[in-house]
Amino acid sequence: MFINIIKSYRDVVAACDSSILGKRFERGNFQLDIKESFYKGEEVSEEKAMEIMKSMASEDATFNIAGKESVKAALKAGIISKESVGKIQGIPFALVLL
């Protein structure tokens, strides 16, 4: 999976599965666009992703997470709950504003 940390007033952590990078998913008026310019950062293992997510949560970051493996890592890290996960064309995603 990829993790990209975008530095701003509140850092944004963008995480996505490698297999969906560059793809677009749509459902009605909703669209999930996994743009390389936003999501492509460091390619990491699930363990490393969880470590980064936990660290960034303590830094008051926001999160944009897409894909089965990335969402699974965020759930395991305690960043999101199952109730906060949506799906578009079967692709799970979650947005977190801490």
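Structure first, text after, so check above.
What this report covers is the structure whose coordinates are included nearby.

Thresholds, definitions, all that
- Residues numbered from 1 in each chain as written.
- Predicted model: local features only at pLDDT ≥ 70, side-chain atom pairs only at ≥ 80, totals over all residues.
- Heavy atoms only, no water.
- Salt bridge = Lys/Arg side-chain N within 4 Å of Asp/Glu carboxyl O.
- Helix = DSSP H or I, 4+ residues; strand = E, 2+ residues; numbered from the N terminus.
- Buried < 20%, exposed > 50% of the residue type's maximum accessible area, 1.4 Å probe, protein only.

**Quick notes on the pattern of salt bridges**
By the definition in use, this model includes 7 salt bridges. Close ionic contact of Lys72 with Glu46 constitutes a salt bridge, the shortest N to O distance being 4.0 Å. Taken together, the residues span a long stretch of sequence, with Lys72 in helix H3 (residues 68-77) and Glu46 in helix H2 (residues 46-58) at a distance of 26 residues. Taking the shortest distance from any N to any O, the salt bridge between Glu51 and Lys48 comes out at 3.5 Å. With a gap of 3 residues between them, Glu51 and Lys48 both fall in helix H2, about one helical turn apart. With a relative accessible area of 33%, Lys48 lands in the partly exposed category. Overlapping salt bridges bring together Glu46, Glu69, Lys72 and Lys76 as one network.

**Focus on the environment of Met1**
Residue position: Met1 is located in the segment before strand S1 (2-6). Between the C-alpha atom of Met1 and that of Glu36, which follows or precedes it by 35 residues, the distance is 12 Å.

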